[in-house]
Each structure stands twice: as structure tokens, then as C-alpha cells.
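A closer look at the structure
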Amino acid sequence: EKIIEKCTHYVNENGDIKELVEKNYLTTYIDGQAGRSMRLLAVAKVDGENDEENLTLICVISIRDNVRKEAIDAIKDVQNAGIQVVMVTGDRKETAVAIAKESGLLTSIEDVALTSAEMGEKTDDELKIILPHLRVVSRALPTDKSRLIRIAQELNLVVGMTGDGVNDSPALKKADVGFAMGSGTEVAKEAGDITILDDNFSSVEKAILYGRTMFKSIRKFLIFQLTVNVAAVLTCFIGPLLGENVILTVIQLLLVNLAMDTLAAIAFGSEPALKEYMKEKPIPRNESIVSKEMFIEVIISAVYITVACLGILFIPFIRSLFGDVDITYLKSAVFASFMMAITFNGFNARTKHMNPFEGLGRNRNFIIVMFSIFALQFVFVTFGGSILSVESLTPKAWLICIILAFMVIPIDLIRKAVIGKTNK
């Protein structure tokens with residue numbers, strides 16, 4: 001546009017030089033091409049020696065960079081995940097708006113597209129009101145990117161920024177997560193947190209998906225581990241109050257921790273990345289890693305495990321199921337029931353769905369770990385002897401222990417059903 005303003009002539013298709021009178025025609029043509037997602041490049045020559053005020057327009061080159069199909073799909077998936085996508089570009093507004101419409105960024109009349117000049121005229125408070133509806137910033141300056149990030153963070157939003165140039169590095173550094181393009185400058189890569197090697201927006205979507213998967217795996221492990229610890233503490237604390245000094249020995253508790261810490265970390269660390277995670281809303285920055293729902297799940301499961309284990313010793317009906325046996329035999333059943341109950345609870349922890357076994361085949365490590373814990377438990381109780389303070393159990397006793405332990409699953413299903421109705 002600046003070049004055309006300086007041009008006094010243009011070259012027609014026959015190569016003849018004519019006076020440039022119809023500049024309005026050129027403006028209309030440029031606007032039309034920009035509306036077709038074209039980036040425009042004006043080529044002019046100097047009439048005379050170093051006379052930049054007397055230019056002859058040679059041509060206007062229209063360049064179109066088609067939006068990738070996978071990028072359109074990725075933008076849609078990211079938006080469905082509750083993430084706002086804003087395109088900040090140096091292109092003119094018409095070109096930027098056309099590309100934004102094609103890629104699915106501008107879809108309603110509430111969506112806003114601003115130029116750098118328009119954004120500069122607005123105060124921070126005004127921009128904070130507009131920000132939830134902002135989709136495009138055109139003719140952007142490096143300072144515009146840093147300002148947008150600052151304002152978004154003041155609204156307590158988590159901000160990700162993509163860029164490839166030296167002028168993007170301040171914004172990449174300031175953002176909560178900086179995505180540098182693989183083809184970008186080394187300065188941008190150093191400033192960013194993640195480098196996208198294929199320069200594809202779909203890789204950003206994958207990074208979000210795997211990030212959510214990791215966070216969920218951490219929460220699943222916390223549910224599992226907290227249930228183990230709370231149940232162990234309650235069992236060992238309440239038991240002496242009821243008249244039995246030692247319910248679980250130190251060595252037994254050590255075996256529980258060794259099995260549950262190491263093996264459970266392998267099991268939950270192998271959880272697959274599910275597309276359903278991209279349909280959930282982002283977790284607020286200030287939300288605790290242990291949510292209210294997680295806390296309720298831990299307490300309910302831990303209380304049941306405690307009641308079931310102590311019931312073997314102190315509830316006459318449950319105790320009578322094992323027959324006329326000594327206290328060491330009953331404590332062996334307590335140890336077996338405790339380990340199996342917390343193992344079954346692992347199936348509850350791994351999913352929020354009503355079916356605790358849903359998608360189990362996608363995590364082979366989880367299946368291997370759970371069966372390994374069951375096998376180890378059988379070995380501990382059968383062959384532990386005086387070292388573990390246990391006695392070998394009969395098949396009938398094992399069946400009773402399995403039933404008591406398995407009941408932690410239907411109890412958690414009731415919790416999920418009640419919470420599901422409450423949320424509705």
C-alpha cells in the first residue's frame with residue numbers, strides 16, 4: 001500500500017507506461033485479493049536515479065498459503081477443549097480475516113478482529129472485556145503479543161504462545177508455555193518451552209492432549225496412593241482402640257508400600273491419551289491438584305477398606321465365616337484383604353466412567369501390574385510364615401477375602417452414580 005501510494009505510473013499488459021490515475025481501481029483489486037486470503041507484494045521501479053518519490057508500478061503479486069486440513073481440524077479440537085485460539089499476524093486485516101474464517105476462527109458475529117492500531121487505542125480494561133471474543137489481531141507488532149499475554153495472565157488465564165522469529169522471543173518467554181517452530185530462529189527456540197519440529201498446529205493439539213493425559217495420570221496415582229495411606233493409617237489407629245495392638249506389622253506395611261508405590265507408578269504412568277480428554281474444560285490455574293471429588297473418593301474407599309479389614313477381627317458375623325481359627329490366621333486374612341482391596345481400588349481410580357474396566361486393554365502395563373500384585377499377595381500370605389507373621393489360608397478363606405476386597409468396586413460405583421446425579 002505504501003509503495004502504490006508513491007507510484008505515479010504503472011505498466012500495462014503491453015508494457016506501455018501510462019499515468020496512474022485509477023488508484024481506486026487498484027485499491028479495490030487489492031482488497032478483493034486480500035479477501036481471498038491472498039498476501040500481496042507490490043513490485044515497482046524507480047524512474048530516475050534514487051528517486052523514490054517517482055515510482056512506476058510493475059505488478060502486484062498475489063501469494064496464497066493454503067490452510068492445512070489437519071490445522072483446521074486441530075483448531076476445532078482445541079476450541080472444543082475450551083481453549084481460545086487467537087491468530088496474531090502481520091498481514092493486513094482483510095487477509096487475516098479471510099484466513100481466520102477459512103480456518104474456523106471467525107464463526108459468529110460476536111468474534112472480534114482488531115488491527116494493531118485499533119488495539120493500541122484501547123485501554124487494558126477495555127481489552128480485558130474484548131479478550132474473550134478476540135480471534136484475530138492483524139498488522140501486529142511484537143509489543144502487541146507481549147501485551148496480550150500480560151492481560152490474559154492478569155485475568156488468571158494460562159497462556160500458550162507460538163512463534164518462530166526473533167521478535168517473538170519476548171512473548172514466548174513471557175507466556176506460560178512457549179511453542180517455538182522447528183524452522184524458526186535459534187533465539188525463538190531458546191525462549192520457548194517446546195519446539196514444534198513439523199511447524200504444524202496439530203502438534204500443539206497433541207501437546208495439549210498429552211499434557212492433560214499426564215495430569216490425569218498423576219491424579220489417578222494420587223487417588224490410589226492416598227487411599228492406601230489413609231486406609232493403612234485408619235486400620236492401624238482404630239485397631240488398638242478396639243483392643244488389638246498390632247493389625248498390620250511393620251514388615252507388612254513395608255511390603256504394601258513397596259508394591260503400591262513402585263508398581264502403581266508404572267501402571268498409572270502408562271495410561272493412554274484419550275480423545276475424550278479434549279472435550280473437557282481447562283483446569284483453572286488456582287485449582288488444587290486434589291479436587292473435592294478426589295477427596296470424597298479417597299475417604300469413601302479408605303473407610304470401606306478399613307471397615308472390611310477390621311470387620312474380620314471385630315465383627316462377629318464376618319469373623320465366624322473363617323471358622324474356629326487363631327488370631328494370627330485372622331490377621332493373615334486382614335493382610336490379604338487389605339492388599340486385594342487396594343488393588344481392586346486401582347480399577348476405580350483409573351477411570352471416571354461407570355464401568356471400571358472400560359478401555360482396560362489399552363493399558364497392558366496396568367493389567368500386568370494388577371495381576372502381579374495379586375500373585376505377590378498370594379506368595380506373601382502362603383509362604384511368608386513367621387517372617388511376615390502370617391499363616392497360609394484355605395481356599396474358602398481366600399474366597400471370603402476376595403469378596404470383601406471386591407466390594408470396594410460396587411461401593412465406588414454408587415459414589416459415581418450419586419455424584420453424576422448431583423452434577424446433572
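Everything numeric here is computed off the predicted structure, so don't read it as measured data. (Residues numbered from 1 in each chain as written. Predicted model: local features only at pLDDT ≥ 70, side-chain atom pairs only at ≥ 80, totals over all residues. Heavy atoms only, no water.)

A word on the overall build of the protein. Assigned secondary structure in the protein consists of 18 helices and 10 strands. With 424 residues in all, the protein has 42% of them scored as buried. (Helix = DSSP H or I, 4+ residues; strand = E, 2+ residues; numbered from the N terminus. Buried < 20%, exposed > 50% of the residue type's maximum accessible area, 1.4 Å probe, protein only.)

Before going further, it helps to examine the sheet that holds strand E5 (residues 87-88). If you trace the three strands from one edge of the open sheet to the other, you get E5-E7-E6, paired in parallel fashion. Of all the strands in the sheet, just E5 and strand E6 (112-115) have a single pairing partner and so form its edges. Relative to strand E7 (residues 134-138), E6 runs parallel, the two being bridged by four bridges. Bridge assignment links Val112 to a residue of E7, and that residue is Leu134. Against the sheet, helix H4 (residues 93-103) engages E5, E6 and E7, with an angle of about 145 degrees to E7. (Pairing = 2+ DSSP bridges. Contact = heavy atoms within 4.5 Å. Axes fitted to C-alpha atoms, helices over the stretch in contact; angles between N-to-C directions.)

Attention now goes to the side chain of Thr89. Take Thr89: it is sitting in the loop between E5 and H4. A polar contact is formed between the side chain of Thr89 and the backbone nitrogen of Asp91, at a distance of 3.1 Å. When residues no more than four places from it in sequence are discounted, the contact partners of Thr89 are Ala96, Val137, Ser138, Arg139 and Ala140. (Polar contact = N/O pair within 3.5 Å; in protein donor to acceptor, adjacent residues only side chain to side chain.)

Let us look at the packing of aromatic side chains. Within this structure, the stated rule accounts for seven aromatic pairs. A centroid spacing of 5.5 Å and a plane angle of 40 degrees characterise the contact between Phe378 and Trp398, whose relative ring orientation is tilted. Of this pair, Phe378 sits in helix H15 (residues 364-383) while Trp398 sits in helix H17 (residues 395-406), and the two are 20 residues apart along the sequence. Residue classification places Trp398 among the buried residues on the basis of a relative accessible area of 11%. Every member of this aromatic cluster is reached through a ring pair, and the members are Phe224, Phe268, Phe347, Phe357 and Phe366. One Lys or Arg, Arg350, reaches over the ring of Phe366 and ends 5.6 Å from the middle of that ring. (Phe/Tyr/Trp six-rings, centres within 6.5 Å; stacked < 30°, edge-to-face > 60°. Lys NZ or Arg CZ within 6 Å of the ring centre and 35° of its normal.)

Before going further, it helps to spend a moment on the packing of helix H10 (residues 201-241) against helix H14 (residues 327-349). The geometry of H10 relative to H14 is characterised by a closest axis approach of 9 Å and an angle of 150 degrees between their N-to-C directions. Classified by the angle their axes make, H10 and H14 are roughly antiparallel. The way H10 lies across H14 gives a crossing that is right-handed. Contact with H10, carried on its side by Lys220, Ile223, Phe224, Thr227, Val228, Ala231, Ala232 and Thr235, involves Phe338, Ile342, Asn345, Gly346 and Ala349 of H14 and no other residues of that element. A breakdown of the residues in the contact of H10 with H14 according to their chemical character gives eight nonpolar, four polar and one charged. (Parallel < 35°, antiparallel > 145°, perpendicular 65-115°, else oblique. Left-handed = near helix turned anticlockwise from the far one by under 90°. Nonpolar A, V, L, I, M, F, W, Y, C, P; charged D, E, K, R; others polar.)

Read across the sheet, three strands follow the order E8-E9-E10 without closing on themselves; strand pairing throughout is parallel. Every interior strand has two partners, whereas the edge strands, strand E8 (160-163) and strand E10 (194-196), have only one. For this sheet, the mean inter-axis angle between neighbouring strands, taken without regard to orientation, is 25 degrees. With four bridges joining them, E8 and strand E9 (residues 177-181) adopt parallel strand pairing. Bridge pairing links Gly160 to Val177 in E9.

Turning our eyes to something else, we now look at helix H3 (residues 69-80). In an α-helix there are 3.6 residues to a turn, and that puts residues three or four apart on one side. Its 12 residues give H3 an end-to-end C-alpha distance of 17 Å, which sits within 8% of 16 Å, the value for a rise of 1.5 Å per residue. Buried within H3 are the following residues: Ala71, Ala74, Ile75 and Val78. Summarising the axial view, the buried residues of H3 lie within an arc of 100 degrees, below the 170-degree limit, and thus occupy one face. Exposed positions of H3 whose direction lies more than 90 degrees from the buried face are Lys69 and Lys76. Looking at the buried positions of H3, the neighbouring elements they touch are H4 and H10. The first or second residue beyond H3 is Gly82, which carries a positive phi of 85 degrees. (Expected span 1.5 Å × (residues − 1). Arc of directions from axis to C-beta.)

The next thing to look at is the pairing of E8. The alternating pattern of E8 places Met161 and Gly163 on a buried face and Gly160 and Thr162 on a face that is not buried. The handedness of the E8 to E9 crossover, carried by helix H8 (residues 169-174), is right-handed. (Right-handed = clockwise from strand over helix to strand, strands pointing away.)

In this section: the nonpolar core. Counting residues in each nonpolar core, the largest one holds 58 residues, and the members touching the most others are Ile305, Phe322, Phe338 and Leu393. Elements represented by at least two residues in this core include exactly H10, helix H11 (250-269), helix H12 (292-314), H14, H15, H17 and helix H18 (408-423). Sorting elements by how many residues they give to this core places H14 first, with 14 residues. Those residues in contact with Ile305 that sit more than four places away from it in its chain are Thr227, Ala231, Phe338, Ala341, Ile342 and Val408. Counting 22 residues, the second-largest nonpolar core is a separate cluster that includes Val78, Ala113, Ile208 and Leu209. (Core = buried A, V, L, I, M, F, W, Y, C linked by side-chain atoms within 4.5 Å.)

Here we take up the state of the cysteines. Scanning the model with the defined rule gives zero disulfides in all. A disulfide-free cysteine, Cys236 has its sulfur positioned 10.0 Å from the sulfur of Cys309, the nearest such atom. Under the relative-accessibility criterion, Cys236 is labelled partly exposed at 26%. Unpaired in terms of disulfides, Cys309 finds its nearest cysteine sulfur in Cys401, a separation of 8.7 Å. (Disulfide = S-S within 2.5 Å.)

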